[in-house]
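A look at the structure
Below, each chain spelled out in residue letters.
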Amino acid sequence: MAGKVRDKDRFSTATRLKLLGEQTAERVYRSQTKRQARRSRLTGRAALLVLVVCSLVVALAYPIRQYVSQRAEIAEQRQKQAEHRENVERLRDEKARWQDDAYAEQRVRDRLHYVLPGETGFTVIDPAAAADHRGDEGAADRPWYANVWDGVDNADNADRAGSADKADRD
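Residues numbered from 1 in each chain as written. Predicted model: local features only at pLDDT ≥ 70, side-chain atom pairs only at ≥ 80, totals over all residues. Heavy atoms only, no water.

Across its full length, the protein chain carries five helices and zero strands. Taken from N to C terminus, the helices and strands of the protein chain fall in the order α-α-α-α-α. For the protein chain, buried positions account for 2% of its 170 residues. As displayed, the protein chain has an accessible area near 15,800 Å², and 57% of this comes from carbon and sulfur atoms. (Helix = DSSP H or I, 4+ residues; strand = E, 2+ residues; numbered from the N terminus. Buried < 20%, exposed > 50% of the residue type's maximum accessible area, 1.4 Å probe, protein only. Areas by Shrake-Rupley, 256 points an atom, 1.4 Å probe, with all protein chains shown as cover.)

Here it is, written out as C-alpha cells:
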C-alpha cells in the first residue's frame, strides 16, 4: 500500500508520518526480536558452559584429592625410608664395632663390672641414693604391715603436697 501511494499523497504530512511510524515500528520490532534472540542464545550458552564446568569440577574433584593425598603419602614413605636407611647404617656400624674383640671386652667390663686378674674394681655410690636407702634401715625391725602403712602415708602426703602446689599455682 505504501508503494502505491499517489504522488499528491506522497508528500502529504499525514502520509509521511504514517510511513515513518510504520518504519519505526518495524525497526523497533526487529531490534527487539534480535535482542531477545541474542539474549536467549547467550543465556543458553552460558547455562551450558556453567553446566560443563560444574560437571568437570565434580568429575575431577575426587581424582585430584586422591592424587594430592597419594603425593603426601609418597613423601611420608620416602622420609620413613631415609630414616630406616640411617638406622640400618647405624646398626651396621654397631655390628662392625662388636666384631672387634677390644670393643666387646670394653663393653662387657663396663656393663657387668668385670675386672681382669690383678686389677682392683671400684664401685661409686651416689650419696643421694645412699641417704634415701639409710632412711629405711629400721624397716626390717618392724612388722610388715607397719611398713605397708608407712608407704601408704608417704604416698598420701606426696599427693597432698602435689595438690597443694597445684592449688597455689591456680
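Now that the structure has been shown, we can carry on.
Further remarks concern the UniProt feature "coiled-coil region" (unreviewed entry) in the protein chain. Within the UniProt annotation, "coiled-coil region" (unreviewed entry) is assigned to residues 74-101. From the first C-alpha to the last, residues 74-101 spans 43 Å; its make-up is 96% helix and 0% strand. (UniProt positions renumbered as here; feature names shortened; annotations may be inferred.)

This brings us to the packing of aromatic side chains. Per the counting criterion, the structure on display carries two aromatic pairs. Centre to centre, the rings of W98 and Y103 are 5.4 Å apart; their planes meet at 85°, and the pair counts as edge-to-face. The partly exposed category is assigned to W98, whose relative accessible area is 32%. (Phe/Tyr/Trp six-rings, centres within 6.5 Å; stacked < 30°, edge-to-face > 60°.)

With that settled, the discussion passes to unusual backbone geometry. The backbone of H113 shows a phi angle near 60°, a positive value even though the residue is not glycine. Within the secondary structure layout, H113 lies in the loop between α3 (101-112) and α4 (127-134). With relative accessibility at 60%, the residue H113 sits in the exposed group.

Moving on to a nonpolar patch on the surface. On the surface, L48, L51, V52, L56, L60, I64, Y67 and V68 cluster together into a nonpolar patch covering about 790 Å² of accessible area. Of note, L48 is situated in helix α2 (residues 13-99). (Patch = residues over 30% accessible without salt bridge, like charges linked within 9 Å, V, L, I, M, F, W, Y side chains within 5 Å. Salt bridge = Lys/Arg side-chain N within 4 Å of Asp/Glu carboxyl O.)

Let us now look at the confidence of the model for the protein chain. Put simply, the protein chain has an average pLDDT of 81, and 76% of its residues get 70 or more. When pLDDT is averaged over each helix and strand of the protein chain, the minimum, 57, is found for helix α1 (residues 7-10) and the maximum, 90, for α3. (pLDDT = per-residue confidence, 0-100.)

With that out of the way, let us pick up the pattern of salt bridges. All chains considered together, the criterion is met by six salt bridges. Residue D110 is joined to R107 by a salt bridge in which the shortest nitrogen-to-oxygen separation is 3.9 Å. With a gap of three residues between them, D110 and R107 both fall in helix α3, about one helical turn apart. Given the relative accessible area of 24%, R107 is considered partly exposed. Notably, a salt bridge pairs R109 with E119, separated by 2.1 Å at the nearest N-O pair. Separated by ten residues along the polypeptide, R109 in helix α3 and E119 in the loop between α3 and α4 bring together distant segments of the chain.

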